[in-house]
Amino acid sequence: RPVGSAITPSRLRADAEQFEKLVLAAADEEAAPLALQELAGLELGEEAAEIGIGFLMRGQVRDAEVLFDKLLQIAPCQPDALHYSGVVAHKLGRSEDGIARVRQSLELAPEQADWHSNLGIMLENTSDGEGAILAFSRAIELDPAHANAHNNLGVLHRLFGRLEQAEASYRAAIASNPEFADAYR
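The residue numbering used here restarts from 1 in each chain and proceeds along that chain's sequence as written. Per-residue local features are limited, in this predicted model, to residues with pLDDT of at least 70; the limit for side-chain atom pairs, both in listing and counting, is 80 or more; totals at the level of whole chains, interfaces and linings are taken over all residues. Hydrogens are left out, water is left out, and the side-chain values use all remaining heavy atoms of the structure.

J.: So what about the packing of aromatic side chains? Which residues, and what values?
T.: We describe a pair of aromatic rings using the distance from one ring centre to the other and the angle between the two ring planes. Only centres within 6.5 Å qualify two rings of Phe, Tyr or Trp (six-membered ring in Trp) as a pair; their planes then separate them into stacked at under 30 degrees, edge-to-face at over 60, and tilted for everything else. All chains considered together, the criterion is met by 2 aromatic pairs. Here F68 and Y84 contribute two aromatic rings whose centre-to-centre distance is 5.9 Å and whose plane-to-plane angle is 25°, an arrangement assigned as stacked. Here F68 is found in helix α4 (residues 61-74), whereas its partner Y84 is found in helix α5 (residues 79-91), with 16 residues between them in sequence. Each member of the pair F68 and Y84 is classed as buried. Between the aromatic rings of Y84 and W115, the centroid separation amounts to 6.3 Å while the plane-to-plane angle is 85°, which identifies the pairing as edge-to-face. Elements are defined by DSSP. Helices are runs of H or I of four residues or more, strands are runs of E of two residues or more, and each kind is numbered from the N terminus. For every residue, the accessible area obtained with a 1.4 Å probe (protein chains only) is divided by the maximum for its type, and the residue is called buried under 20%, exposed over 50%, and partly exposed between those limits.

This is how it looks when you write it as structure tokens:
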């Protein structure tokens, strides 16, 4: 995008559509060199990550994988791409790789509470409860109103028999978001 061009919803939609087409073309071996060249000219970061998140939310995990892998080819230390490629790897059963990528993204952007919470979920899913507790605690430290992190911390405290800590975590989740249904279980 040229410097000074306005970011409008229609412009963003057009950029997103172009980006999605380029990412999907980059998956095709014949079209990949040209698509990668065009991708390199687009801004990386939040807009690109949002497209990948859109793929994930629609269940298009393989498309998200292609997008984030291509972004990492262009910019190997782009925190958003690292983080979400880790989430994708975890969803595809490559948890060790996913956790490593999320940790690497947190080295580059340690202030991301949601990313610490995602790490906690990944660690919990791989039976590292204590590591997950540390990750959820860090998410809460960065964002005291992070209802999901409070709730997940409560679940782990309950599993470890720390019932008073579990109750405190559930109460904090409800205080952060009274409509957070999971905390009422």
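Structure's up, so let's keep going.
J.: I'd like a rundown of the nonpolar core, residues and numbers included.
T.: Throughout this description, the term nonpolar core refers to a set of buried Ala, Val, Leu, Ile, Met, Phe, Trp, Tyr and Cys residues connected via side-chain atoms within 4.5 Å. The biggest cluster of nonpolar side chains holds 33 residues, and the ones touching the most others in it are F68 and L119. In this description, contact between two residues means that some pair of their heavy atoms is separated by no more than 4.5 Å. Not counting the four nearest positions on each side in its chain, F68 is found in contact with A49, G52, I53, A81, Y84, S85 and V88.

J.: Can you lay out helix α6 (residues 95-108) for me, pointing to particular residues and giving the numbers?
T.: Under the convention used throughout, the expected extent of a helix is 1.5 Å for every residue step, that is, one less than its residue count. When the terminal C-alpha atoms of α6 are compared, their 20 Å separation across 14 residues agrees well with the 20 Å that a helix rising 1.5 Å per residue should span. Taken as a whole, α6 has its buried residues at S95, G98, I99, V102, S105 and L106. Burial along α6 is one-sided: seen end-on, the buried residues are contained in an arc of 125°. Away from the buried face of α6 by more than 90 degrees, exposed residues E96 and E107 are located. Contact partners of the buried residues in α6: α5 and α7 (113-125). Of all possible arcs, the one meant is that of the directions from the helix axis to the C-beta atoms.

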